[in-house]
Amino acid sequence: MNINLTMIGQLIMFAMFTWFCMKFIWPPIVAAMQARKKHIENGLIAAERGFSEHQEAQQKAEEILNQSKDQAAEIIANAGRQATNMVEDAKNLATQEADKIKTNAQAEIEQETARARNTLKEQVSDLVMQGVGSVLAREVDVKAHQDILGKLSQTL
Amino acid sequence: MSTGNETITSSDYIKHHLQNLTYGQNPNTGVWELAHSTQEAKDMGFMAIHLDTLGVSFILGALFLFLFYRTGKKMTADTPSGIQNFIESIIDFIENNVRGSFNGKNPLVAPLSLTVFIWIVLMNTMDLVPVDWLPYVAQQVGVFFGADPHHVFFKVVPTTDPNATFGLAIGIFLLMLYYSIKIKGFGGFSAELTLHPFESKNIFVKLLLIPANFFLESVSLIAKPVSHSLRLFGNMYAGEMIFILIALLPFWIQWTLSLPWAIFHILIILLQAFIFMTLVIVYMDMAHNKEH
């Protein structure tokens with residue numbers, strides 16, 4: 001248990017070991033640990049962000065889904081209404097057309113009737129005139145009785 | 001007495017175990033050689049070295065550096081595995097201690113604490129190697145080289161040699177002085193030594209108090225490395241002593257005492273290393289503290 005140069009030797013060894021530790025051992029280990037710490041921290045933050053983003057997206061998707069559902073219902077309702085309207089319109093149009101055709105036809109029939117009647121009247125009067133003419137040819141001066149004949153043909 | 005030699009007494013056995021392997025100049029013959037006896041080692045004076053202390057502590061320190069250096073090289077920031085986990089937990093432990101007690105900014109303190117802690121733990125752990133194993137190996141090696149087996153000394157635990165603990169404590173003390181002067185300036189450091197603990201507003205009383213203050217402060221300053229080293233040395237020496245005493249018992253009963261003592265000693269090994277490291281941090285903090 002003598003105090004001797006061993007003490008100085010130990011001191012030098014201690015200094016060397018400490019220097020080596022400070023230079024070559026401590027920095028890389030601590031650097032790696034720090035890097036991992038940062039890595040984990042970033043990972044946790046990213047996970048948190050991802051989670052909230054996911055939730056937001058889900059909410060948005062639900063919103064959009066609901067919106068489109070509403071829209072679809074509206075479109076279907078509109079289409080139904082439109083179809084009913086179209087049918088209604090078509091029905092009205094057809095009725096109108098039918099009425100028009102009917103009136104036209106009636107008018108034509110009336111016209112034809114009138115025309116036929118006139119022709120018939122003329123023919124009858126002609127026939128009468130012919131008959132009368134031939135009857136009267138012998139007894140009546142056509143010229144003298146022209147006015148009576150005219151009146152007659154007019155009343156016919 | 002596992003040496004099995006009937007001619008040596010218990011006292012001889014203990015003395016033999018407590019003697020370092022000393023290399024120095026024999027004052028009687030003037031030859032540089034290994035001391036053959038305790039008296040011879042003592043006579044060699046200051047100009048001698050303990051080969052066992054230096055050798056064992058060098059091997060252990062190198063082991064520590066090698067292990068940590070290799071791990072540091074292969075360090076990955078991804079999932080750590082195996083020894084990296086172990087070393088990281090040690091680094092974490094050291095960092096927490098430094099952060100807790102050291103308020104200055106100095107990149108030296110944490111690696112210094114790490115070196116001190118691991119090195120001392122390893123040196124103390126040599127205490128758990130059964131007291132006769134390594135000395136026996138050393139004896140056989142000595143005999144192989146032609147030495148007298150009774151004159152081959154080998155003290156395994158470096159921290160039971162006050163040279164080792166004083167070497168460490170003086171290193172810390174020098175760092176403490178260096179940083180005290182660097183941080184506070186020579187004037188600041190002198191003021192710290194002379195203007196406390198007795199203070200006065202009056203300039204004359206102040207001057208009058210300087211010698212008393214200086215005396216008290218120097219004592220407390222010098223006491224630091226002394227208590228720092230002797231605390232570790234004393235604990236380890238006492239522990240080693242008890243192991244040696246237990247080894248004097250008949251071999252078939254030894255385990256009843258050596259096992260409990262060894263288990264208890266694990267605590268002392270770690271505790272003393274931890275105390276030494278904590279004091280290193282505290283002393284460094286004092287040197288960096290400008291409060292006074």
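> How would you explain the environment of Leu195 of chain B if you had to name every residue and give the values?
Residue and element names in this part refer to chain B. With respect to the secondary-structure elements, Leu195 resides in the loop between helix 7 (162-194) and helix 8 (203-247). For the pair Leu195 and Phe117, spaced 78 residues apart in sequence, the C-alpha to C-alpha distance is 35 Å. Look past the residues within four positions of Leu195 in its chain and what remains in contact with it is Lys206, Ile210 and Asn213.

> Account for the sheet that holds strand 3 (residues 48-50) of chain B, naming residues and giving values.
Residue and element names in this part refer to chain B. As summarised here, the arrangement of the 3 strands in space is 2-1-3, forming an open sheet in which the pairing is antiparallel. In the strand order of this sheet, the two ends are held by strand 2 (32-34) and strand 3, each with one partner. Within the sheet, the average angular offset between the axes of one strand and its neighbour, ignoring direction, is 15°. The pairing of strand 1 (residues 22-25) with strand 3 spans 3 bridges and is classified as antiparallel. Pairing of Tyr23 across the sheet is with Ile49, part of strand 3. Where helix 3 (residues 51-73) meets the sheet, it contacts strand 1, strand 2 and strand 3, and its direction lies at approximately 50° from that of strand 3.

> Provide a residue-level description of the interface of chain B and chain A, including the pertinent values.
By a frequent convention, interface size equals the accessible area lost on bringing the separate parts together. Tallying the contact residues gives 56 residues for chain B and 28 residues for chain A. A per-residue breakdown of the area chain B buries against chain A is headed by Phe46, Leu65 and Asn163 of chain B, which together make up 16% of the total. Our count for the contact surface shared by chain B and chain A stands at 1 salt bridge. For Glu88 of chain B, the salt bridge is made with Arg36 of chain A, and the minimal N-O distance between the two is 2.6 Å. For the pair chain B and chain A, the number of links is 8 residue pairs in polar contact (both at pLDDT 80 or more). Taken together, the elements giving at least two residues each to the side of chain B that touches chain A come down to helix 2 (38-43), strand 3, helix 3, helix 4 (83-101), helix 5 (109-125), helix 7 and helix 8 of chain B. If you tally residues by element for the side of chain B that touches chain A, the top one is helix 3 of chain B, at 11 residues. Here the side of chain B that touches chain A is composed, by residue class, of 36 nonpolar, 13 polar and 7 charged.

> Give me the packing of helix 4 of chain B against helix 9 (residues 251-288) of chain B: which residues, what numbers.
Residue and element names in this part refer to chain B. Close contact between helix 4 and helix 9 brings their axes to 9 Å; oriented N to C, the two are set at 40°. Judged on the interaxial angle alone, helix 9 and helix 4 are oblique. Of the two elements, helix 4 crosses helix 9, and the hand of that crossing is right-handed. Contacts between helix 4 and helix 9 involve Phe93, Ile94, Asn97, Val98 and Ser101 from the first element and Phe274, Met277, Ile281 and Asp285 from the second. Of the residues belonging to the contact of helix 4 with helix 9, the class tally is 6 nonpolar, 2 polar and 1 charged.

What counts as what
The residue numbering used here restarts from 1 in each chain and proceeds along that chain's sequence as written. Note on labels: chains are lettered from A, ligands numbered from 1, in written order. Given that the model is predicted, a residue must reach a pLDDT of at least 70 before its local features are reported, and side-chain atom pairs must reach 80 or more before they are shown or counted; all residues, however, enter totals for whole chains, interfaces and linings. Processing note: side-chain calculations cover all non-hydrogen atoms of the structure and skip hydrogens and water entirely. Only DSSP runs of H or I reaching four residues or more are called helices, and only runs of E reaching two or more are called strands; each is numbered from the N terminus. We call two residues in contact when some of their heavy atoms are within 4.5 Å. For two strands to be treated as a pair, DSSP must find no fewer than two bridges joining them. Orientation is described by lines fitted to C-alpha atoms, with helices fitted over the stretch in contact, and by angles between N-to-C directions that extend from 0 to 180 degrees. Buried area is understood as the total, over both parts, of accessible area removed when two parts are fitted together, assessed with a 1.4 Å probe. By definition, a salt bridge exists where a carboxyl oxygen of Asp or Glu is found within 4 Å of a side-chain nitrogen of Lys or Arg. Throughout this description, a polar contact denotes any pair of N or O atoms lying within 3.5 Å of each other; where both atoms belong to protein, one of them has to be capable of donating a hydrogen while the other can accept it, and for residues adjacent in sequence the pair is counted only when both atoms sit in side chains. Throughout, the ten residues Ala, Val, Leu, Ile, Met, Phe, Trp, Tyr, Cys and Pro are labelled nonpolar, Asp, Glu, Lys and Arg are labelled charged, and all others, Gly among them, are labelled polar. Should an angle lie under 35 degrees it is considered roughly parallel, over 145 roughly antiparallel, and from 65 to 115 roughly perpendicular; all remaining angles are considered oblique. Crossing chirality is assigned from the near helix's rotation relative to the far helix, an anticlockwise turn below a right angle marking it left-handed and a clockwise turn marking it right-handed.

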